[in-house]
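Overview (structure and organization)
Given next are the chains, with one letter for each unit.
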Amino acid sequence: MSFPAPRVTLPAGPDILRTYLGAFVCLEILFGGLVWILVASSNVPLPLLQGWVMFVSVTAFFFSLLFLGMFLSGMVTQIDANWNFMDYAYHFQCLSSILEPFYWKQQSHPCMICIAIQP
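Analysis parameters
- Residues numbered from 1 in each chain as written.
- Predicted model: local features only at pLDDT ≥ 70, side-chain atom pairs only at ≥ 80, totals over all residues.
- Heavy atoms only, no water.
- UniProt positions renumbered as here; feature names shortened; annotations may be inferred.
- 1 Å grid on protein atoms, 1.4 Å probe; cavity = no way out; pocket = protein on both sides within 12 Å on 5 of 7 lines; lining within 4 Å.
- Points joined across faces, edges and corners; volume = space filled by probe spheres on them.
- Helix = DSSP H or I, 4+ residues; strand = E, 2+ residues; numbered from the N terminus.
- Nonpolar A, V, L, I, M, F, W, Y, C, P; charged D, E, K, R; others polar.
- Phe/Tyr/Trp six-rings, centres within 6.5 Å; stacked < 30°, edge-to-face > 60°.
- Buried < 20%, exposed > 50% of the residue type's maximum accessible area, 1.4 Å probe, protein only.
- Polar contact = N/O pair within 3.5 Å; in protein donor to acceptor, adjacent residues only side chain to side chain.
- Contact = heavy atoms within 4.5 Å.
- Patch = residues over 30% accessible without salt bridge, like charges linked within 9 Å, V, L, I, M, F, W, Y side chains within 5 Å.
- Areas by Shrake-Rupley, 256 points an atom, 1.4 Å probe, with all protein chains shown as cover.
- Salt bridge = Lys/Arg side-chain N within 4 Å of Asp/Glu carboxyl O.

By the naming in an unreviewed UniProt entry, the protein goes by Alpha-glucosidase and is assigned to Saguinus oedipus. Of the comments in the UniProt record for the protein, the one headed Subcellular location (unreviewed entry) reads "Membrane".

For the rest of this paragraph, the subject is the layout of surface pockets. There is about 490 Å³ of room inside the largest pocket. Lining the largest pocket are 20 residues, with Val35, Val56, Ala60, Cys94 and Ile98 sitting closest to its centre. Those elements giving two or more residues to the lining of the largest pocket turn out to be helix 1 (20–40), helix 2 (47–73) and helix 3 (83–108). With eight residues, helix 3 is the single largest residue contributor to the lining of the largest pocket. For the lining of the largest pocket, the residue count by class is 14 nonpolar, four polar and two charged. Within this model, the second largest pocket holds a volume of roughly 150 Å³. Lining the second largest pocket, in full, are Trp52, Phe55, Val56, Thr59, Ala60, Phe63, Tyr90, Gln93, Cys94 and Ser97. Those elements giving two or more residues to the lining of the second largest pocket turn out to be helix 2 and helix 3. Top contributing element to the lining of the second largest pocket by residue count: helix 2, with six residues. Residue composition of the lining of the second largest pocket, grouped by class: seven nonpolar, three polar and no charged.

We now examine the packing of aromatic side chains. Both the distance between ring centres and the angle between the ring planes are used here to describe each pair of aromatic rings. Applying the stated criterion across every chain yields a total of four aromatic pairs. With a centroid separation of 5.9 Å and an interplanar angle of 20°, the aromatic rings of phenylalanine 67 and tyrosine 90 are classed as stacked. Of the two residues, phenylalanine 67 sits in helix 2 while tyrosine 90 sits in helix 3, which places them 23 residues apart along the sequence. Accessibility classification places phenylalanine 67 together with tyrosine 90 in one group, the buried group. Aromatic side chains tyrosine 88 and phenylalanine 92 sit 6.3 Å apart centroid to centroid with 20° between the ring planes, which places their arrangement in the stacked category. Of this pair, tyrosine 88 and phenylalanine 92 both sit in helix 3, four residues apart, which is roughly one turn of the helix. Accessibility expressed as a relative area gives 54% for tyrosine 88, which makes it exposed. On the basis of relative accessible area, phenylalanine 92 is assigned to the exposed category, the value being 51%. Pairwise contacts between aromatic rings join Phe67, Phe71 and Tyr90 into one cluster.

So, on to the side chain of serine 97. Assignment of secondary structure puts serine 97 in helix 3. From its side chain, serine 97 meets the backbone oxygen of glutamine 93 in a polar contact 2.9 Å long. Residue contacts for serine 97: discarding those within four places in its chain leaves Trp52 and Val56.

Nonpolar side chains collect at one region of the surface, where Tyr20, Phe24, Leu27, Leu30, Phe31, Leu34 and Leu38 lie side by side and expose about 780 Å² of accessible area between them. Tracing the backbone shows leucine 30 in helix 1.

Following this line, the structure appears as structure tokens:
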């Protein structure tokens, strides 16, 4: 039994900028670059978290730029892949990478919220 080849339901070329995906990727590029600049120019108390935030913002910036470039150039029509799943997997990985420092911070200070509430 053979399965049909996955098809790209997202437009290729400049039409991608008229979709939600194009708008979100442009915002990821913009905010990834801003976070990259702001974190690099600030002094964060935990250097490990600063390094992780820099890694995630630079990686998300370049991969979003590559992802958008592939759609703008029309290369997605020539690569046989499920681009809808690739988009979902990429954004899920970015979200989990962004939320990971919050988990680290909570694990290192489990009663931080309780201490802040007490008079």
